[in-house]
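Residue strings, one per chain:
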Amino acid sequence: MADSRRLGALEVGAQGLGCMGMSEFYGTGDDTESAATIHRALELGVTLFDTADMYGMGRNEELVGRALRGSSVKREDYVLATKFGIVRDPENADQRGVRGDAAYVRQAAELSLARLGLDHIDLYYQHRVDTSVPIEETVEAMAGLVEQGKVRYLGLSEAGAETIRRAHAVHPITAVQTEWSLWSRDIEDEVVPTCRELGIGIVPYSPLGRGFLTGRFTSKDDFGDGDIRQSRQPRLADGNLEKNLAIVEALRALAAEKGVTAGQLALAWVQGRGGDVVPIPGTKRRKYLEENLAAVELRLSDEDLAAIERAVPAEAVAGSRYPEEGLKLVGR
């Protein structure tokens with residue numbers, strides 16, 4: 001993967017690796033295979049690795065940090081991104097809150113650095129906006145981490161356009177991470193234009209619609225034990241699933257005509273949104289990593305894009321991208 005892109009002032013490979021599912025949410029993990037997947041990603045030119053302190057209650061940061069430190073790649077040759085701000089109850093991990101106060105920002109960063117085993121974080125995101133704390137206070141505390149050399153660049157995740165503007169006025173925001181895929185396109189109206197006006201890069205997570213756009217899943221039974229998509233994904237609920245399966249089938253037919261997979265076609269669509277877009281499809285297996293990275297080389301013509309728009313019109317997607325409680329935390 002020779003292609004590289006810019007997130008603000010930060011240069012990274014054209015596709016990153018989302019590491020969340022290696023430790024939680026998407027079924028049983030395998031730390032050995034996950035570490036091998038990270039090492040293979042490095043071999044193939046991936047330079048951006050994404051985690052967060054809440055994934056696996058800290059275990060994901062430990063796993064990712066250990067794998068990166070155990071590779072032969074020099075520290076300056078990869079970009080480690082992590083996040084703070086979603087607080088989970090140690091006694092009941094499903095209970096969550098959001099914090100963005102200055103004291104918590106500093107505390108969270110120290111804990112993440114300890115788990116990662118690194119002396120600095122390359123890209124530090126606020127995972128969700130805390131509406132009880134002015135964004136200026138949060139970003140000022142994050143900027144203090146930059147001054148101390150503990151963080152290099154700042155990011156926001158799932159922030160609204162006005163919040164992005166206010167944050168950027170305090171300290172340059174390098175990247176905004178948000179969901180963006182063929183079936184999650186709400187950021188196109190305000191967030192994307194705002195980021196481009198301010199020179200902020202865009203990091204789409206779940207660019208494969210939480211795996212659904214790959215065509216590998218046709219019912220809830222296809223997800224293993226411990227996979228939250230069985231119960232917490234409105235687009236897989238009865239009534240929505242059948243409509244969305246029809247969309248995926250149309251995408252698969254187009255992909256077959258081009259000799260690629262549905263997932264590769266969906267990823268190529270996201271990759272093609274602009275040179276400031278670096279998707280981070282998640283996987284814990286080398287074979288899917290290699291399949292995803294092949295999409296970087298896939299170029300779509302205007303005719304291809306028009307056909308994809310006809311096959312997967314935004315208004316045809318059934319169900320919201322999060323349950324109601326999750327939707328309250330995005331776009332703030």
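Cut-offs and rules
- Residues numbered from 1 in each chain as written.
- Predicted model: local features only at pLDDT ≥ 70, side-chain atom pairs only at ≥ 80, totals over all residues.
- Heavy atoms only, no water.
- Helix = DSSP H or I, 4+ residues; strand = E, 2+ residues; numbered from the N terminus.
- Rg over C-alpha atoms; globule rule 2.2 N^0.38 Å.
- Buried < 20%, exposed > 50% of the residue type's maximum accessible area, 1.4 Å probe, protein only.
- Contact = heavy atoms within 4.5 Å.
- Lys, Arg positive; Asp, Glu negative; His and termini not counted.
- Charge placed at Lys NZ, Arg CZ, Asp CG, Glu CD.
- 1 Å grid on protein atoms, 1.4 Å probe; cavity = no way out; pocket = protein on both sides within 12 Å on 5 of 7 lines; lining within 4 Å.
- Points joined across faces, edges and corners; volume = space filled by probe spheres on them.
- Nonpolar A, V, L, I, M, F, W, Y, C, P; charged D, E, K, R; others polar.
- Arc of directions from axis to C-beta.
- Phe/Tyr/Trp six-rings, centres within 6.5 Å; stacked < 30°, edge-to-face > 60°.
- Lys NZ or Arg CZ within 6 Å of the ring centre and 35° of its normal.
- Salt bridge = Lys/Arg side-chain N within 4 Å of Asp/Glu carboxyl O.
- Pairing = 2+ DSSP bridges.
- Right-handed = clockwise from strand over helix to strand, strands pointing away.
- Axes fitted to C-alpha atoms, helices over the stretch in contact; angles between N-to-C directions.

S.K.: How should I be thinking about the overall build of the protein in this particular structure?
M.R.: Within the protein, the secondary structure is distributed over 12 helices and 11 strands. Relative to the compact-globule value of 20 Å for 332 residues, the protein shows a C-alpha radius of gyration of 19 Å, a close match. In terms of principal-axis extent, the alpha carbons of the protein reach across some 55 × 40 × 40 Å. Going through the 332 residues of the protein one by one, you find that 57% of them count as buried. Considering only intrachain contacts with a sequence separation of at least 6, the fraction spanning at least 24 residues in the protein is 77%. Across the protein, the centroid of the 40 positively charged side chains sits 2 Å from that of the 52 negatively charged ones.

S.K.: Explanation requested: the layout of surface pockets in the structure shown.
M.R.: Reported here for the second largest pocket is a volume of approximately 240 Å³. Looking at the second largest pocket, it is lined by 13 residues, and the ones nearest its centre are Asp53, Ile86, Val87, Arg88 and Tyr104. Within the residue set of the lining of the second largest pocket, elements represented by two or more residues are strand 6 (86-89) and helix 3 (102-116). A total of five residues in the lining of the second largest pocket trace back to one element, the largest contributor, which is helix 3. Among the residues making up the lining of the second largest pocket, the classes are represented as eight nonpolar, two polar and three charged.

S.K.: Any chance you could explain helix 6 (residues 191-198) here in plain terms?
M.R.: Side chains of residues three or four places apart in an α-helix project in the same direction, reflecting 3.6 residues per turn. Turning to helix 6, its buried residues number three or more, namely Val191, Val192, Thr194 and Cys195. Buried residues along helix 6 cover an arc of 165° about the axis, so they all sit on one side. Looking at the packing, one finds that the buried side of helix 6 touches helix 5 (161-170), strand 10 (173-179) and strand 11 (201-205). Directly beyond the C-terminal end of helix 6, a positive phi value near 75° is found at Gly199.

S.K.: Sorry, what's going on with the packing of aromatic side chains here?
M.R.: Aromatic rings considered in pairs are described by the distance between their centres and by the relative angle of their planes. Applying the stated rule across the entire model yields two aromatic pairs. Each ring, one from Phe84 and one from Tyr124, has its centre 5.0 Å from the other, and the planes form 40°; the classification is tilted. Here Phe84, found in strand 5 (residues 79-84), pairs with Tyr124, found in strand 8 (residues 121-126); they are 40 residues apart in sequence, far enough to count as distant. Plain terms: the ring middles of Trp183 and Phe212 are 5.2 Å apart, the flat faces sit at 5° to each other, and that makes the pair stacked. On the criterion of sequence distance, the pair formed by Trp183 in the loop between strand 10 and helix 6 and Phe212 in the loop between strand 11 and helix 7 (229-232) is long-range, its members being 29 residues apart. By the burial criterion, Trp183 is buried, and Phe212 matches it. The residue whose ring lies beneath Arg210 is Tyr322, and the NZ or CZ to ring-centre distance is 4.8 Å.

S.K.: How do you make sense of the pattern of salt bridges when you look at a structure like this?
M.R.: Side chains that differ in sign of charge can pair as their charged atoms come close. Taken as a whole and judged by the stated rule, the model has 23 salt bridges. Salt-bridge contacts for Glu11 lead to Arg6; the nearest nitrogen and oxygen are separated by 3.5 Å. Overlapping salt bridges bring together Glu158, Glu179, Asp186, Arg210 and Arg321 as one network.

S.K.: Quick question: what am I supposed to make of the pairing of strand 11 here?
M.R.: Counting buried positions along strand 11 yields five of five residues, so the element is predominantly enclosed. With burial as the criterion, each face of strand 11 is covered, one bearing Gly201, Val203 and Tyr205 and the other bearing Ile202 and Pro204. Across five bridges, the pairing between strand 10 and strand 11 is parallel. By the bridge assignment for strand 11, Gln177 is matched with Val203. Crossover strand 10 to strand 11 through helix 6 is right-handed.

S.K.: Sorry if this is basic, but what is going on with unusual backbone geometry here?
M.R.: The phi angle of most residues is negative, glycine excepted, and most peptide bonds adopt the trans form. Unusually for a residue other than glycine, Met57 sits at a positive phi of about 55°. Note on placement: Met57 falls in the loop between strand 4 (48-50) and helix 2 (59-69). With phi around 50°, Ser206 is a residue other than glycine that occupies positive phi space. Within the fold, Ser206 resides in the loop between strand 11 and helix 7.

S.K.: Mind showing me how you'd approach the sheet that holds strand 9 (residues 151-157) here?
M.R.: Backbone-to-backbone hydrogen bonds pair the strands of a sheet. The strands run either parallel or antiparallel. Pairing is parallel across the open sheet formed by seven strands, whose spatial order is 3-4-5-8-9-10-11. The outermost strands of the open sheet, each flanked by one partner alone, are strand 3 (17-18) and strand 11. Note that strand 9 and strand 10 share four bridges and pair parallel. Bridge assignment links Gly155 to a residue of strand 10, and that residue is Ala175. The strands that helix 3 touches are strand 5 and strand 8; relative to strand 8, the one it contacts most, it runs at about 135°.

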